[in-house]
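# Structural overview for review
What follows is the residue order along each chain.
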Amino acid sequence: MASLSEEVLLVVKKVRQKKQDGTLYLMAERIAWGPEGKDRFTVSHSYSDIRCQKISPDGKAKVQLQLVLHTGESTTFHFANESTSRKDWEAAKELLQQLLPKFKKKANKELEEKNKMLQEDPVLFQLYKDLVVSQVISAEEFWANRLGGINNGESAACENKQEVGISGAFLADIRPQTDGCNGLRYNLTADIIESIFRTYPAVKQKYKENVPHNLTEKEFWTRFFQSHYFHRDRISTGTQDIFSECARQDEKGLKSLVTQGVKNPMVDLLSLEDKTLDEGYGISSALPSTSHASRTVKESSNFAIIKRFNHHSAMVLAAGSRKRDVPADQASETSSTDGNSRDSDFFQPPLKKVKLQEAIEYEDLQQENRPKTVALNLKKSDRYAHGPVPLQSQQYTTSQDIINSVNYIKHEMSNYKPNLTQVLSSAAASSAIAALSPGGVLMQQVAQQAINQMVPTEIQAELKHLYVAAGELLRHFWTCFPVNTAFLEEKVTKMKSNLERFQITKLRPFQEKIQRQYLSTNLTGHLECMLQAAYSKFHIWQTRRMMRKT
Amino acid sequence: MHGENTQLHAERPQPICRMVFYTFISSEGEISLLVVVVDVNPIWWGQHAQSEPEFTLSKCLDAVMVMGNAHMAMTRTNQLAVIAAHCQDSHFLYPSKRLKGNDDTSSSRDGKYELLSVTNNLIAEEIRDIMSKTELTGNSTDTLLAGSLAKALCYINRISKEVGVAQEIKSRILVIKAADDCALQYMNFMNVIFAAQKQNILIDACVLDSDSGLLQQACDITGGLYLKIPQKVALAQYLLWVFLPDSEQRSLLVLPPPAHVDYRAACFCHRTLIEIGYVCSVCLSIFCNFSPICTTCETAFKIQLPQMVKPKKKKPKLPA
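Residues numbered from 1 in each chain as written. Chains lettered and ligands numbered in written order. Predicted model: local features only at pLDDT ≥ 70, side-chain atom pairs only at ≥ 80, totals over all residues. Heavy atoms only, no water.

## Considering the overall build of chain B
Rules: Helical segments are the DSSP runs of H or I of at least four residues, strand segments are the runs of E of at least two, and each set is numbered from the N terminus. Exposure classes here rest on a 1.4 Å probe applied to the protein chains alone. A residue is buried below 20% of its type maximum, exposed above 50%, and partly exposed in between. By definition in these notes, contact holds between two residues if any of their heavy atoms fall within 4.5 Å. All accessible-area figures derive from a Shrake-Rupley calculation using a 1.4 Å probe, and residue coverage is judged against the displayed protein chains alone.
When helices and strands are counted, chain B shows 10 helices and 10 strands. With 320 residues in all, chain B has 49% of them scored as buried. Taking the contacts inside chain B whose residues are at least 6 apart along the sequence as the reference set, 67% of them involve residues at least 24 apart. Carbon and sulfur atoms form 55% of the exposed surface of chain B, whose accessible area is close to 16500 Å².

## Section: the pattern of salt bridges
What counts, and what does not: The term salt bridge refers to a side-chain nitrogen of Lys or Arg lying within 4 Å of a carboxyl oxygen of Asp or Glu.
Considering all chains together, one arrives at 13 salt bridges over all chains under this definition. Close ionic contact of glutamate 489 of chain A with arginine 545 of chain A constitutes a salt bridge, the shortest N to O distance being 3.7 Å. Taken together, the residues span a long stretch of sequence, with glutamate 489 of chain A in helix H18 (residues 486-516) and arginine 545 of chain A in helix H19 (residues 525-549) at a distance of 56 residues. With a shortest N-O distance of 3.0 Å, glutamate 248 of chain B and lysine 170 of chain B are connected by a salt bridge. Taken together, the positions of glutamate 248 of chain B in helix H10 (residues 247-250) and lysine 170 of chain B in strand E4 (residues 169-177) put the pair 78 residues apart, joining distant regions of the chain.

## Some remarks on the sheet that holds strand E3 (residues 30-35) of chain A
Residues and elements named next belong to chain A. Worth spelling out the cut-off: In this analysis, strands are considered paired if DSSP registers two or more bridges between them. Between N-to-C directions, angles cover 0 to 180 degrees, with each direction set by a line fitted to C-alpha atoms, over the stretch in contact for helices.
Pairing in this open sheet of 7 strands is antiparallel, and the strands run E4-E3-E2-E1-E7-E6-E5 from one edge to the other. Looking at the sheet topology across the chains shown, the edges are occupied by strand E4 (43-46) and strand E5 (50-55). With strand direction ignored, the average angle separating the axes of adjacent strands in the sheet is 30°. Here 2 bridges tie strand E1 (residues 8-17) to strand E7 (residues 74-79), and the two strands are oriented antiparallel to one another.

## Here we look at the interface of chain A and chain B
Definition in use: Once two parts are joined, some of their accessible surface, as seen by a 1.4 Å probe, is lost; buried area is that loss totalled over both. Polar contact is the term for a pair of N or O atoms within 3.5 Å; when the atoms are in protein, one must be able to donate a hydrogen and the other to accept it, and sequence-neighboring residues count only if both atoms are side-chain atoms. In this classification, the charged set is Asp, Glu, Lys and Arg, the nonpolar set is Ala, Val, Leu, Ile, Met, Phe, Trp, Tyr, Cys and Pro, and all remaining amino acids, among them Gly, are polar.
If you look at the interface, chain A gives 52 residues, while chain B gives 67 residues. Regarding the contact of chain A and chain B, the summed buried area is about 5300 Å², with carbon and sulfur atoms giving 68% of it. Applying the counting criterion to the chain A and chain B interface returns 0 salt bridges. Counting across the interface, chain A meets chain B through 13 residue pairs in polar contact (both at pLDDT 80 or more). Secondary structure elements with two or more residues in the side of chain A that touches chain B: helix H12 (383-386), helix H13 (399-414), helix H14 (426-436) and helix H15 (444-448) of chain A. Ranked by residues supplied to the side of chain A that touches chain B, first place goes to H13 of chain A with 12 residues. Of the residues in the side of chain A that touches chain B, the class split is 31 nonpolar, 15 polar and 6 charged.

## Considering the packing of helix H4 (residues 57-74) of chain B against helix H9 (residues 235-243) of chain B
Residue and element names in this part refer to chain B. So the rule is basically this: Under this scheme an angle from 65 to 115 degrees is roughly perpendicular, one under 35 degrees roughly parallel, and one over 145 degrees roughly antiparallel; angles in between are oblique. Put simply, a crossing is left-handed when the front helix is turned counterclockwise from the back one by less than a right angle, and right-handed when it is turned clockwise.
Running from N to C, H4 and H9 point in directions that differ by 30°, and their axes come no closer than 8 Å. With respect to H9, the element H4 is oriented roughly parallel. The interaxial crossing formed by H4 with H9 has right-handed handedness. Contacts from Cys60, Ala63, Val64, Val66, Met67 and Ala70 in H4 reach Leu235, Ala236, Leu239, Leu240 and Phe243 in H9.

## Some remarks on a nonpolar patch on the surface
Residues and elements named next belong to chain B. Going by this rule: To count toward a patch, a residue needs a relative accessible area above 30% and no salt bridge. Like charges then connect within 9 Å, nonpolar side chains (Val, Leu, Ile, Met, Phe, Trp, Tyr) within 5 Å.
Together, Tyr278, Phe290 and Ile303 make up an exposed nonpolar region whose accessible area comes to about 270 Å². Mapped onto the fold, phenylalanine 290 is located in the segment after strand E10 (286-287). Using a relative accessible area of 34% as the deciding quantity, one classes phenylalanine 290 as partly exposed.

## Side note on unusual backbone geometry
Cis geometry marks the peptide bond from phenylalanine 481 of chain A to proline 482 of chain A, where omega comes out at -5°. Tracing the sequence through the fold places proline 482 of chain A in the loop between helix H17 (457-479) and H18. In this structure, the amide linkage connecting tyrosine 94 of chain B to the following residue, proline 95 of chain B, adopts the cis form with an omega of -10°. Among the secondary structure elements, proline 95 of chain B is positioned in the loop between strand E3 (90-94) and helix H5 (114-132). Its identity is not glycine, yet lysine 18 of chain A carries a phi of approximately 55°, on the positive side. The residue lysine 18 of chain A is located in the loop between E1 and strand E2 (20-27) in this model.

Below, the structure written as structure tokens:
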């Protein structure tokens, strides 16, 4: 049962686990559950063992809390109290959320990593079994070289995290739900709040000013959504709204954005115009009106919406290109794409020049600046005629010989008639067949190639394991050289004794085993050779050390 | 198998019974083209005929004819070509230009499959013709093997185009080599080898006298078989056993294993085989020793010598 010194932080009755009713206890250092009526805890986990907690989504009838441990197993608790299940569940969840981060230990993580590595790589697992379990080398040595990569890899990954951009539709995604009684319910998540702050720094400023002094967060957001600032029309600007200033600022920003113009001097926005055909399809002589007053109500609201859309897009783009984690000082922002910043662009004339140059020059038509090469100037090109072929002793024939041979062959072939029935004598044929059959003169190598068919597969597998284990030990041994420090000296001596132990405990029994099976092939010759090389190196090193000391 | 071949069996010696096995496993409609390049260097043959009278050029050609007949008789769609590599030129023995001429000589007297008798007669006529026209120039005593191989490749290319896209054609070249290698043909030889490799044409080699490094490389690169025959009199048997089956069938048979090829290059200055050498990056000529100027293309080189480590002076021990 719980020791008396343990402080119980929360008790939740009627919590089911594995279809059994019971009580959940949250203590200072562990979470425990005991079945109803019993004194003992059947389930107890200390917070350091718990990796994370999972909660069932809000809509589900069953209110559940799942604890996932470092070892991978999980325990589920079902809050079955009809009236207070939700409250209990929330309380438990909050408490766990506060307590778990305190107890997270890094050491468990390493153990997890080791286990994962062993499970994923069967060769490594076999090596571990061969070397550590049979006590040829210790576990620290085994993991010494392998775990270094893990910790380094993680930190590198964290540095290259990409920044998350802002979705252009984040305001639309809020999607108000009707509450049932003429109200609207807006669902705000931390992401959306962050997007709003990033896009509209004015709103962020207002938030900082008012929360938590004047308004609670909930009130602030309620006001935000209620204000005309948020709504599409934005025609009336009532002064009691805290957001009316934002609206004025936005207008100013939009105006400055328009005066700034587009950076690319090739793009002429002014030539674009909304040309709508008025009544009469352009034929009737209605005067085009440009004054604000003669605009219809519908037109002006269209204008307002379009203006708002433009402003919103400009703010989203500006927020995306702004660097993250800049201290909230608007004046220090130097991005000139943001309508609200006061920056003058010094860069327009050279930019135009650059753009023009880009348009008229093609890179591949320019003169190439390749590195200087040496021209090929062959003096003795007849060397290529024979190429890298070695000189072979020529058989010299005298011209008389040549004449004789040619005459002889001419004479022979002048009366040539194919005699296909006397091509081959049976004696010659059978000797040729004998030479070509396995074991014959020409087929000597074929017999030797079948060694992998002569050795049974278990022996082959065992030999492979031996090679892997021996390779690992030899790698540790050879990396000790050159022996510079005292640590390496110790290690090299230890490795030599490990190698000897390996030879005695693993290699000798294997050799005896294959000898018993009358396998004449020498399978372990190479392994012995490698071990001998290591021993001789050690011996040389030791004698040199002795000589240096004396 | 066709009815005519029963008569064939009567005149052939025993090893032909293996032919029946091959026919059942060849695929339908696939054309297999065999080009035999025979080295008919008159100087070599003349010399060897005098020392070994039981194996002469006539016997060699008889063996080649037997193999050619066997190849053509195996499947209707098999095709054959024979090229004679001389020291003056290379000549097609079959199919030859005489084919289009006279039809009366095609009637065979012993009831043989007509195609075979026509082939044999043509080959005999052509070789007689070539040998009678041999003239001595004195300069070249080497067989023009690279040229014959190039002709063979061109012929294969032509036949592949004639046959059309739908028809599959598999070709291979068999070289029967007598005289020694000619080092001057090295470049052409290597070009031929790589062209054959690109076209998936096997080059097999049956060597009668001395080992040829170039042909060993050719067989290794293209995937063919290289064999140096211990007994020249049994040439027909070796040809039928080893070189008659095509590449698909060879995987099912136990044939002599491929020999180890010596790919070492010879340096340009001494023509000796080296394992490690220096290559000029401009002209790619190989040298055994470093020299600051390449002798082939006269480019100058600089090479950094490894730093010499000065031995540390030991401090003298202070007397106690």
